[in-house]
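Structural characterization, general
Each chain, letter by letter, is given below.
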Amino acid sequence: MTENVWTRWPSPEALGRVGISRPRRLLGWGARILMAAVLLWSTFRSSHVHLWGAFGGAVGVVVVAAAGWGFFRTTFAHRLAPSLGLFAVLLGVAAAAQAGGFHVPALVIWCACAIAALERLPLAAATPLTGVALTAFVLANDDRWLTTAVTAAGLALAGYVLRLDAEARGNAQRLLAQERAARVAEAESVALGERARIAREIHDVLAHSLSAQLVHLEAARLLIERGAERDQILERVVAARGMARDGLEETRQALSALRGELTPLEDFLSRLVAATDGAEVTVSGDRRPLPAEASQAVRRVAQEALTNVRKHAPGAKVRLRLDYGEHQVMLDVRDSGGPPGDLSGAGGGYGLLGMRERAELLGGSLEAGPREEGFVVTLKVPV
């Protein structure tokens, strides 16, 4: 719903001092001081005014100053009734000054009232009040009628121009405040997103590490139940300890990666398959650096897929294929299948679910399921 322009007050930003440059503030104070000086000078200059008249003129100057200050405060607070009352006081003082022989002070007050009304009041109230002040000015001014009419029109135009200038300054202040608020909100959103990103990364690293440790610890438990040799059991425990150590190292690497300190993805996959018997990796497409989150998604899916092969199909051959497309990167992990291992029931089964959620957050997809030969995991991430 559009607000009525006739009943709308100038905004507090327009009526306030915020956004006014120092030269303009100095100019405004200079104009006020000059007007006060003119009033005082004209009051005491009049030779026909006796002592009591001069005293009354001085009191009038004080009343005008107090009423003017009050008018500025009440209009800033958008209080119409007190503003109209103070405006009437100013007009009454000007009329009394004119009747008492203080001609110049009366004209100055009427001119100031005409400009201030247009600048600070709703147009529905400002228009008639300005008309009253300018009519009094025209009737009291003894210049030629053309000069008086031009002066009155100039005063009305000056008041309206000052109003438009104040509203433009107020709009600029509101836009600036909105921009600052938007920047603060954006910074908070970025911080929250970064926290979520770090939490997700650490969760995925620890989930993979703990899952791998569980595989070895479960194997050690089965060996103990079967009465296996001490060296076999120790081998599994040592491997679990190594997985814990590697998990801590991967956590540090993940934090480094979040700061942009990523090792090349191809080197990471090569080291990963080198630590897995029967695994190989091929890379196709134009190799190029990937965004940190896309690169991390590929790394975590590769780790999780190889862990699942060791858990569910130990001894199976694994082929990893990394393909750099024009608008996306794809990781395809396939194993040759085989009889399920003793550890197929270990773990909670949430690894690939977490990877799928990660891919979807990046606008990609993850498909996982059995094929004619073994199990296939395919990750696609836009880049």
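Read on for an overview of the structure.

**Side note on the side chain of serine 11**
For serine 11, the location among the structural elements is in the segment before helix H1 (12–15). A polar contact of 2.9 Å, which involves the side chain of serine 11, links it to the side chain of arginine 174. Those residues within four positions of serine 11 in sequence are excluded, and the remaining contacts are His78, Gly170 and Arg174.

**Notes on the nonpolar core**
Phe87, Leu91, Ile109, Trp110, Cys113, Ala117 and Leu121 are the most contacted members of the largest nonpolar core, which totals 32 residues. Secondary-structure elements contributing two or more residues to this core are helix H3 (51–76), helix H4 (80–99), helix H5 (103–120), helix H6 (123–140) and helix H7 (145–225). Looking at which element gives the most residues to this core, the answer is H5, with 10 residues. Grouped together as the second largest cluster of nonpolar side chains are 31 residues, Leu265, Val273, Leu290 and Leu352 included.

**Considerations on the pairing of strand E4 (residues 365–370)**
Looking along a regular strand, one sees side chains alternate from face to face of the sheet. Note: E4 against strand E5 (residues 375–382), 6 bridges, orientation antiparallel. Across the sheet, residue proline 370 finds its bridge partner in E5, namely phenylalanine 375. Hairpin connection of E4 to E5: 4 residues between the antiparallel strands, including glycine 374 at a positive phi of 75°.

**With respect to the state of the cysteines**
Under the counting rule described, the total for this entry stands at 0 disulfides. Of all cysteine sulfurs in the structure, the one in cysteine 113 sits closest to cysteine 111, which takes part in no disulfide; the separation is 9.3 Å. Owing to a relative accessible area of 3%, cysteine 113 belongs among the buried residues under this scheme.

Analysis parameters
Residues numbered from 1 in each chain as written. Predicted model: local features only at pLDDT ≥ 70, side-chain atom pairs only at ≥ 80, totals over all residues. Heavy atoms only, no water. Helix = DSSP H or I, 4+ residues; strand = E, 2+ residues; numbered from the N terminus. Polar contact = N/O pair within 3.5 Å; in protein donor to acceptor, adjacent residues only side chain to side chain. Contact = heavy atoms within 4.5 Å. Core = buried A, V, L, I, M, F, W, Y, C linked by side-chain atoms within 4.5 Å. Buried < 20%, exposed > 50% of the residue type's maximum accessible area, 1.4 Å probe, protein only. Pairing = 2+ DSSP bridges. Disulfide = S-S within 2.5 Å.

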